[in-house]
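Here are the chains, one letter per residue:
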Amino acid sequence: MTTAIIKPQFSPLTIALMVVGFIVFWPLGLAMLAYIIWGEKFGGSPEKAQAYWNKGRSWCSSSKSQFRSHRYGSTSSGNAAFDDYRAEQLRRLEEERARLDAEIEAFHEYMANLNKAKDREEFDRFMNERRGSRQGYSDDNKPTNTDPNNGWGNNNG
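Residues numbered from 1 in each chain as written. Predicted model: local features only at pLDDT ≥ 70, side-chain atom pairs only at ≥ 80, totals over all residues. Heavy atoms only, no water.

Observations regarding the overall build of the protein chain
Our working rule: Only DSSP runs of H or I with at least four residues qualify as helices, and only runs of E with at least two residues qualify as strands; both kinds are numbered from the N terminus onward. Only protein chains enter the calculation, and the probe is 1.4 Å; a residue is then buried if its accessible area is under 20% of its type maximum, exposed if over 50%, and partly exposed in between. A contact between two residues is defined here by any heavy atoms of the two lying within 4.5 Å. Residue-level accessible areas treat just the shown protein chains as cover; the underlying method is Shrake-Rupley with a 1.4 Å probe.
The helix and strand tally for the protein chain stands at four helices and zero strands. Start at the N end of the protein chain and walk to the C end: the helices and strands fall as α-α-α-α. Here the protein chain holds 157 residues, and 8% of them are scored as buried. Contacts spanning at least 24 positions in sequence make up 22% of the contacts within the protein chain whose residues lie at least 6 apart. Working note: accessible area of the protein chain is about 13,900 Å², and carbon and sulfur atoms make up 58% of it.

Some words on the packing of aromatic side chains
Short version of the rule: Ring pairs are drawn from Phe, Tyr and Trp, using the six-membered ring of Trp, whenever the two centres fall within 6.5 Å, and their geometry is named by plane angle: stacked under 30 degrees, edge-to-face over 60, tilted for the rest.
A complete count under the given rule lists one aromatic pair for this structure. Ring geometry for F82 versus Y85: centroids 6.4 Å apart, planes at 40°, classification tilted. Of this pair, F82 and Y85 both sit in helix α4 (residues 80-133), three residues apart, roughly one helical turn. The partly exposed category is assigned to F82, whose relative accessible area is 41%.

Some remarks on helix α1 (residues 12-24)
As a reminder, the rule being used: Every helix has an expected span of 1.5 Å times one less than the residues it contains. Directions pointing from the helix axis toward each C-beta atom define the arc.
With 13 residues, α1 should cover 18 Å at 1.5 Å per step; its first-to-last C-alpha distance of 18 Å lies within 8% of that length. Buried within α1 are the following residues: T14, M18 and G21. Along the axis of α1, the buried residues cluster in a sector spanning 60°; they form a single face. In α1, the exposed residues that point more than 90 degrees away from the buried face are P12, I23 and V24.

Everything listed here is a matter of geometry and, on its own, says nothing about what the molecule does.
Given below as structure tokens:
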């Protein structure tokens, strides 16, 4: 049986190596910290580390498949009446979700139209104030000059 020179435990040597690892290149310090914390689980051999990794992956994949089956109701409970009831409730919830999504969309459209109207009102107010300060315009936003050429002379000669 072989013994490791640096054992996966908190000792002055491992802490010093971890600190130096963080100073030199932070992933080295992180790797040393991982070795200190989880080194005993691997047992120091690549085979045990691979077995531990495979065990974790299989647990994650089985948890995902269980989550999917509960979320979408793809598995049968063994009771036909309950399965029909569950399917009806899921359909009703999907209809309610679609109705709420339509209401959200309508509200967003209403707010966009409201913002457009507000922007139009502010722009019109700005243009009215600007026209009011320009020469030749009265308070009702019409030119005071009654010349049909709007003040431009006839340049025909």
